[in-house]
Amino acid sequence: MNRPRGRPAQGTGVARDHILTEALALLDESGGQGLTMRALATRLGVTPMSLYHHVENHAGLLRALSDRVYAEVLEGAPGLAAPRADLQAILTRYHGAVGRHPQLTLAIFATPEAFAGVTRQITDRLGLLLAQITAEPDLWRDVLVDHAHGSGLALASAHGDPKRAQALQADYRQALDRLLDRLTAP
């Protein structure tokens, strides 16, 4: 191979943002088994070692990807004043993110040490909101997140079929409303 070895020369390396963009594309295209440091380095035209200057390992790469993809989930969340509305907004945005990048969700399931950063913040926020309206916040958090995962993964199957995707999103919102109604019923 005529690939350069070792660390790239000053200023000629690959940027973290570009690494994450290509890693997400590779993950979306080939799934969790296809996203390896070696495959990513090959795609970027660098050595695998040069990637370790930006992410510490595969789990760190997944954490960085989840931070990027799921960052929108907590954007604009008003706080803890209106728990039901906040739960609905967070879970709907999370469902959409899972549907856009299902392989990321599956990769995080397969790599528990990747669960940190924004994914942990989402989980913690849901727990705080649910603690305001139920005596079983952990149980309901798990039910609601599992529902978002399952429906989000199903949404991914509608890629390229906007009508079906809209129907699946509407079904998710309706089911989420019913779950939240049950949760907040006196």
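Above this text sits the structure in question.
Residues numbered from 1 in each chain as written. Predicted model: local features only at pLDDT ≥ 70, side-chain atom pairs only at ≥ 80, totals over all residues. Heavy atoms only, no water.

Visitor: Please clarify how the pattern of salt bridges should be interpreted in this entry.
Guide: Between side chains of opposite charge, a pair can form as their charged atoms come close. Under the counting rule described, the total for this entry stands at 11 salt bridges. A salt bridge links R43 to E22; its shortest N-O distance comes to 2.7 Å. Of the two residues, R43 is situated in helix α2 (residues 37-44) and E22 in helix α1 (residues 16-34); the sequence distance between them amounts to 21 residues. A salt bridge links R100 to E72; the shortest N-O distance between them is 2.3 Å. Of this pair, R100 sits in helix α5 (residues 83-100) while E72 sits in helix α4 (residues 58-74), and the two are 28 residues apart along the sequence. (Salt bridge = Lys/Arg side-chain N within 4 Å of Asp/Glu carboxyl O. Helix = DSSP H or I, 4+ residues; strand = E, 2+ residues; numbered from the N terminus.)

Visitor: Explain the nonpolar core to me, please; I cannot follow it from the model alone.
Guide: Nonpolar side chains in soluble globular proteins generally cluster together in the buried interior. By size, the foremost hydrophobic cluster in this structure holds 46 residues, and its most contacted members are L61, L65, Y70 and I122. The element contributing the most residues to this core is α4, with eight residues. (Core = buried A, V, L, I, M, F, W, Y, C linked by side-chain atoms within 4.5 Å. Buried < 20%, exposed > 50% of the residue type's maximum accessible area, 1.4 Å probe, protein only.)

Visitor: Explain the environment of M37 here, please?
Guide: Assignment of secondary structure puts M37 in helix α2. According to the relative accessible area criterion, M37 is buried, its value standing at 7%. Taking the C-alpha atoms as reference, M37 lies 5.8 Å from P48; in sequence the two are 11 residues apart.

Visitor: In this structure, what is going on with the packing of α4 against helix α6 (residues 102-110)? I would like to understand it.
Guide: Two measures define how a pair of helices packs: the angle their axes make with one another and the distance between the axes. In the contact formed by α4 and α6, the axes pass within 11 Å of each other and the chain directions differ by 140°. By the angle between their axes, α4 is oblique relative to α6. Once α4 is placed against α6, the crossing between them reads as left-handed. Contacts between α4 and α6 pair L62, L65, S66, V69 and Y70 from the former with L104, T105, A107 and I108 from the latter. Split by residue class, the contact of α4 with α6 holds seven nonpolar, two polar and no charged. (Axes fitted to C-alpha atoms, helices over the stretch in contact; angles between N-to-C directions. Parallel < 35°, antiparallel > 145°, perpendicular 65-115°, else oblique. Left-handed = near helix turned anticlockwise from the far one by under 90°. Contact = heavy atoms within 4.5 Å. Nonpolar A, V, L, I, M, F, W, Y, C, P; charged D, E, K, R; others polar.)

Everything listed here is a matter of geometry and, on its own, says nothing about what the molecule does.
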